[in-house]
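Architecture at a glance
As a plain string of letters, each chain reads:
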Amino acid sequence: MSLEFGDRLMFVGGEFVAAETGEWMDSVNPATEEVHGRVPAASPADIDRAVQAAAAAQPEWAAKSVFERGNLLRALAAQIRARADQVLPLEAADTGNTIASLGNDITLAAGYIDMMAGLGIELKGETVPATGQNIHFTLRQPYGVVGRIVPFNHPFLFAGAHLAAPLMAGNSVVLKSPDQSPLSGSVMGEICRDVLPPGVINIVSGQGPVAGDAIVRHPLVQRIGFTGSVPTGMRIQRSAAEVGIKHLSLELGGKNPLIAFPDADPAAITKAAVAGMNFAWSGQSCGSTSRLMLHESIYDEVVSGIVEHVGAIKLGDPRDPASEMGPVNSAGHYQHVTNMIAVGKADGATLLTGGERPAGESFAKGYWVRPTVFGDVTMDMRIGREEVFGPVLSILKWRERDEVLAMANATEFGLTAGVWTNDIGTAMGMARELETGLVWINGGGRHFLGTGFSGWKNSGLGREECLEELLSYTQSKSVHIML
Ligand code: NAP
């Protein structure tokens, strides 16, 4: 039987290749449960081949000037924009994210690459007046081969954006696509083939504990950038530590509070709370503001507005531009999300809307969950503390400022937070005391390239989307010229 998207090969050393073992993994359309494509299941031998190709290409790549590398990266960004029509239907079908929202992934990926291309000249060292007689300076040099491992929620965006800093810094890259949504990795491979020298970028597919682990443990991969869950981040730290001293950055999960003070406009909070849940991606975003903390004085008004808005979200085929929400990404993730909904009910939260499969023939198959809102959530409930990474909003009520601050900080996560108030003192105090890598005041959801994105506590290690990320893909060296 021919599959809609066929067999999608890995991109290694400038060629499209299958796994040496001939093994394949199915990719399933989450809206229909049909297998719609296959990718090779890379073994450690395939990973070695990719790393060796990257290592062979890296010296010549690093020898180019930052302007040459920057120009090639800008060409890559232009090609990503130009191929949007090719990638969007495939990405919508493979992830379940709505096609209407996915245009933003193209814009962000290309913008991210352009930003890193522009920052190239900042890869500079320092001269240091350590003595009066000699010359002392520092150099920033690439690591060599960088391993990048990305999650299922925005695979094309992450494949594009996460190539940018390591490449600009003069490294070559081996990137692993997620096994639930691997198909767009091959489109990124085609784009790279047309723009970059062979071997500079290598895109592999395969299971995390096999192919991902082989990247982490490979002796030529000294720098790893990972985006995914906390448990996998911890596993990667353990694997890396077993084989050597590796440099890691980890962008992990979140349970992000959106905090509304009594002076906040209930209509604006309602809108921000619904937008912040990223229902167009079924809530599957690390930055989703999945804990809404409402002051008791506005609780009832905001809750009823949210229930009305969320109840009106139009579920449908992710490839239909009119759809506002698709299915969750995979069978395994559907199990997790529906289990967490059951846990929320059992723990005594009030189910306000959703919590079940939508009715109708078109939702009989697929991993569909209606957008779900729980009220009366408290921090001793699992849906108050744990990441669902799905279309499930938990609403909590509070009375005192110190109480809500303590609630907001009482999780293992520290990714983002939103604070809604017009009182500058309250806003600044909260911004300082929230234990997160990012705080929005009277906002939410948006990333601002250049300003940095990072998790505190178990949400991560290292900082992305800014100059710090670019520099983190270099190692520095002191040079002393004795005169
Ligand atoms: P995941 O299960 O941790 O997987 C992420 C990636 O790691 C996948 O490519 C996976 O491969 C691979 N992997 C799994 N086990 C591995 C191992 N032992 N060694 C090396 N690689 C391994 O995460 P996910 O379920 O795809 O994504 C959801 C999570 O990502 C959420 O927690 C979300 O908050 C987080 N996230 C964070 C950010 C951020 O910027 N902070 C952004 C997006 C998502 P397989 O797919 O083959 O298992």
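See the structure shown above.
To keep things clear, this report deals only with the structure shown in the data block.

Rules and cut-offs
- Residues numbered from 1 in each chain as written.
- Predicted model: local features only at pLDDT ≥ 70, side-chain atom pairs only at ≥ 80, totals over all residues.
- Heavy atoms only, no water.
- Pairing = 2+ DSSP bridges.
- Helix = DSSP H or I, 4+ residues; strand = E, 2+ residues; numbered from the N terminus.
- Axes fitted to C-alpha atoms, helices over the stretch in contact; angles between N-to-C directions.
- Contact = heavy atoms within 4.5 Å.
- Near = heavy atom within 4 Å.
- Polar contact = N/O pair within 3.5 Å; in protein donor to acceptor, adjacent residues only side chain to side chain.
- Areas by Shrake-Rupley, 256 points an atom, 1.4 Å probe, with all protein chains shown as cover.
- Nonpolar A, V, L, I, M, F, W, Y, C, P; charged D, E, K, R; others polar.
- Domains from an automatic or database assignment.

Observations regarding the sheet that holds strand β13 (residues 350-353)
- Within the open sheet, the seven strands sit side by side as β13-β14-β15-β12-β11-β16-β17. Their pairing is mixed. Both edges of this open sheet fall to β13 and β17 (438-441), since each of them pairs with a single strand only. The average angle at which neighbouring strand axes cross in this sheet is 20°, direction not considered.
- Pairing between strand β11 (residues 257-260) and strand β12 (residues 291-295): four bridges, direction parallel. For Pro-257, the partnering residue across the bridge sits in β12 and is Arg-291.
- The sheet contacts of helix α13 (residues 401-409) involve β11, β12 and β15 (392-398), and relative to β15 the element is tilted by about 150°.

Brief notes about the site of the ligand
- What surrounds the ligand is a group of 30 residues, the closest being Val-150, Ser-229, Thr-232, Leu-252 and Glu-387.
- Between the ligand and Phe-152 there is a distance of 3.3 Å, counted from an oxygen atom to a backbone nitrogen or oxygen.
- Side-chain polar atom of Thr-232 to an oxygen atom of the ligand: 2.7 Å apart, as the coordinates give it.
- In the complex, 90% of the free accessible area of the ligand, which totals 910 Å², lies under the protein chains.
- Contributing elements (two or more residues each) for the shell around the ligand: α7 (208-217), β9 (221-227) and α8 (230-243).
- A total of four residues in the shell around the ligand trace back to one element, the largest contributor, which is α7.
- Of the residues contributing to the shell around the ligand, the split by class is 14 nonpolar, eleven polar and five charged.
- Residues from two domains meet in the shell around the ligand; each of domain 1 (10-252 + 460-481) and domain 2 (257-449) gives at least three.

Note that all results are geometric; they support no functional claim without further evidence.
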